[in-house]
Amino acid sequence: MEIVSDGSLDSSEKETVIVFDRRTVSEDGTMDISSFDRIVVEHLLQSPNFVVKKLHYSYVEDDICIVGVDGKLPLGHLRIKQDCKTPNNVSFTLSKQF
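Basis of the calculations
- Residues numbered from 1 in each chain as written.
- Predicted model: local features only at pLDDT ≥ 70, side-chain atom pairs only at ≥ 80, totals over all residues.
- Heavy atoms only, no water.
- Pairing = 2+ DSSP bridges.
- Helix = DSSP H or I, 4+ residues; strand = E, 2+ residues; numbered from the N terminus.
- Axes fitted to C-alpha atoms, helices over the stretch in contact; angles between N-to-C directions.
- Contact = heavy atoms within 4.5 Å.
- Buried < 20%, exposed > 50% of the residue type's maximum accessible area, 1.4 Å probe, protein only.
- Arc of directions from axis to C-beta.
- Polar contact = N/O pair within 3.5 Å; in protein donor to acceptor, adjacent residues only side chain to side chain.

Trainee: Honestly, the sheet that holds strand β4 (residues 63-74) in this entry has me stumped. Any pointers?
Mentor: Paired through their backbone hydrogen bonds, the strands of a sheet run either parallel or antiparallel. Across the sheet, which stays open at both edges, the 4 strands sit in the order β1-β2-β4-β3 with antiparallel pairing between neighbours. Strands with a single pairing partner mark the edges of an open sheet, and in this sheet they are β1 (16-19) and β3 (51-60). Mean inter-strand twist for the sheet, computed between neighbouring axes without regard to direction, equals 20°. For β1 and strand β2 (residues 30-35), the ladder comprises 4 bridges, and the chain directions are antiparallel. Counterpart to Thr16 in the pairing with β2 is Ser35. Set on the sheet, helix α2 (residues 38-46) makes contact with β1, β2, β3 and β4; between it and β4 the angle comes to about 65°.

Trainee: So what exactly am I meant to see when it comes to α2 here?
Mentor: Since the α-helix packs 3.6 residues into each turn, any two residues three or four apart lie on the same face. When we look at burial in α2, the residues that qualify are Val40, Val41 and Leu44. One side of α2 holds all its buried residues, which, seen down the axis, span an arc of 100°. Contacts made by the buried residues of α2 are with β1, β2 and β4. Sitting at the amino-terminal end of α2 is Asp37, which places a side-chain oxygen 3.1 Å from the backbone nitrogen of Ile39.

Trainee: Help me understand unusual backbone geometry, please; the structure alone is not making it clear to me.
Mentor: Among all residues except glycine, the phi angle is most often negative; among peptide bonds, the trans geometry is most common. Phi at Asp62 takes a positive value of approximately 70°, unusual for a residue other than glycine. With respect to the helices and strands, Asp62 occurs in the loop between β3 and β4. Taking relative accessible area as the criterion, Asp62 reaches 76% and is therefore assigned exposed.

Spelled out as structure tokens, the structure:
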């Protein structure tokens, strides 16, 4: 099934949300992740460590396409690093291990 960008969403709505708390980290070491960003969705669905909880679909030219995903990923895939461009800005990135 093709993964596409949802044309009905504004670019500011095509976001990725990462949530982790003490319960999920202590129970199974995972974080919840939800994304409507096409590139992030592609990487998540290719990861053998990503557990899909929900796929979001849309019709595009009479074909059903994936536009978003909700699921779980091990917390070890999240890296927090200092952005070199601005000394007080912390950037959060998902590792290439996805």
